[in-house]
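What follows is each chain in one-letter form.
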Amino acid sequence: MADRSTYNVVILGVGFLFIFTAFTTCGNVEQTVVKSLKNSTFSGSGYHSLGIIYGVFSFSNLLAPTVVTVIGAKLTMFFSGLLYSGYIAVFIMPSTWSFYLTSVLIGIGAALLWTAQGRFLVENSEASTINRNTGMFWALLQCSMLFGNLYIYLDWNGKSEISDSSRRNIFLFLLVASILGTLSFLVLRTSHHEEEMLSEEEGQLLLSTRTMYKNRANTALQDTRTEFQTILRLLKTETIMLLSPCMVYSGLELSFYSGVYGTCIGATAHFGEAAKGLIGISGIVVGIGEIVGGGLFGLLCKNSRFRRTSVVFLGMVVHFIASYLIFLNIPDDAPVVGESTTQKNPFLSPSASIALLCSFLLGLGDSCFNTQLYSILGYVYAEQSTPAFAVFKFIQSVSAAVAFFYSGYLLLKWQLLLLVILGFTGTLCFFVVERMQDFSMDSQEY
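Residues numbered from 1 in each chain as written. Predicted model: local features only at pLDDT ≥ 70, side-chain atom pairs only at ≥ 80, totals over all residues. Heavy atoms only, no water.

## A word on the packing of helix 3 (residues 64-71) against helix 5 (residues 96-123)
In step 1: Between helix 3 and helix 5, the least distance of the axes is 9 Å, while the angle of their chain directions is 60°. Relative to helix 5, helix 3 is oriented oblique. As helix 3 packs across helix 5, the resulting crossing turns out to be right-handed. Here helix 3 contributes Ala64, Pro65, Val67, Val68 and Thr69 to the contact with helix 5, which in turn contributes Ala111, Leu112, Thr115, Ala116 and Arg119.
In step 2: A breakdown of the residues in the contact of helix 3 with helix 5 according to their chemical character gives 7 nonpolar, 2 polar and 1 charged. (Axes fitted to C-alpha atoms, helices over the stretch in contact; angles between N-to-C directions. Helix = DSSP H or I, 4+ residues; strand = E, 2+ residues; numbered from the N terminus. Parallel < 35°, antiparallel > 145°, perpendicular 65-115°, else oblique. Left-handed = near helix turned anticlockwise from the far one by under 90°. Contact = heavy atoms within 4.5 Å. Nonpolar A, V, L, I, M, F, W, Y, C, P; charged D, E, K, R; others polar.)

Here it is in structure tokens:
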């Protein structure tokens, strides 16, 4: 039987697999579902909801470590899972106020969930197992883009409209998946690190439970204050400022492939009754691109001859090709049309094969940028990796939030142009940072 740490990592990955099968599928079809509602009293926007989620998430990250320290990673993940499930449940009986309220709550829940996940993964890993455990977790997580989107394809293929019964069935399925993922956190075992901490606290017999939690909270607040000061210092460093365009680009690209592109495919009149089903297939193919890219570049970058700049340059080229093909293949008004399908004609006769090729390229290119941003931040800020990654997630999330808010108003060509400009600028700045690191190493040798 596997040891406790391996068991915990597998259950953690399975829990996230179920929860994000629900959430990523929901994000992919959200705007399409909202447009199809026959409820005259509902006035919400899927783009605005996702923008709220990422905006709240970016700022909630600042306080999340305090909550995780006080109540523990396991309970934090369980309560966060309930918030995710509440958001999914809203789509079964949608109302505007609950839609936006749960958008705020899930933004808070996301910050707590990911902070707790990082803490729990580290607690269940050693120096010799951290890479293996991280790989196991991310492999399970990336599979979340496959199953829910497959259900979407099987249910929506051949349908020109989404009926209320179809919507309810889909979100009941996603709700069950989210609840199963949430419940799985309850069977996580106490890590050795947590056992040691609990035994120390139990040894202090004079301390009441209230005093114990108060001490935890005080310690957590002090740690949060120190980390926040570190984050502010890092934001002023030359490296972070140069990497900021690349981080912003990763946020814009995240919003485009996770929420906007699927909506564009579903709104393309030329695809006929296959359009809605293609949203699900597109989500699956994006996930395949992410999995292929993450695995491929993880192996390649173990070879020192294959540099980070090579991967980022490849990501830029792949995304530029995808942007050009999307510009030719998808109608310009696809992101902004209301209940009807698109009215404008693209330059080419829309092809489902080209649309799905672009989905794969979007996932592949996204993995290029994200893996290398994590790599260079871990290398440059080896002693300050936690605040450095916090800066990255903050900039990425704020950018994604802004992108979701403008996605419902800008025509597709302007969104693609913005992506191309920031993609080129971000890649150029990444090259400058990499060259600075090479120059620094060369200087140390003399």
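## Focus: the nonpolar core
In step 1: One finds Phe16, Met77, Tyr87, Phe171, Phe256, Tyr261 and Ile326 to be the most contacted residues of the largest nonpolar core, which totals 105 residues.
In step 2: With near-sequence residues (within four places) excluded, Met77 lies in contact with Leu12, Phe16, Leu113, Ala116, Gln117, Phe120, Phe185 and Leu188. (Core = buried A, V, L, I, M, F, W, Y, C linked by side-chain atoms within 4.5 Å. Buried < 20%, exposed > 50% of the residue type's maximum accessible area, 1.4 Å probe, protein only.)

## Describing the pattern of salt bridges
In step 1: Taken as a whole and assessed by the stated rule, the structure comprises 3 salt bridges.
In step 2: One salt bridge in this structure joins Asp164 and Arg167, with 2.9 Å as the shortest N-O distance. Of the two residues, Asp164 and Arg167 are both situated in helix 8 (residues 164-184); the distance of 3 residues between them amounts to about one turn of the helix.
In step 3: Looking at Asp164, the relative accessible area reads 33%, which means it is partly exposed.
In step 4: Judged by relative accessible area, which is 5%, Arg167 ranks as buried.
In step 5: One salt bridge in this structure joins Lys413 and Asp332, with 3.9 Å as the shortest N-O distance. Separated by 81 residues along the polypeptide, Lys413 in helix 16 (residues 412-445) and Asp332 in the loop between helix 13 (308-329) and helix 14 (352-380) bring together distant segments of the chain. (Salt bridge = Lys/Arg side-chain N within 4 Å of Asp/Glu carboxyl O.)

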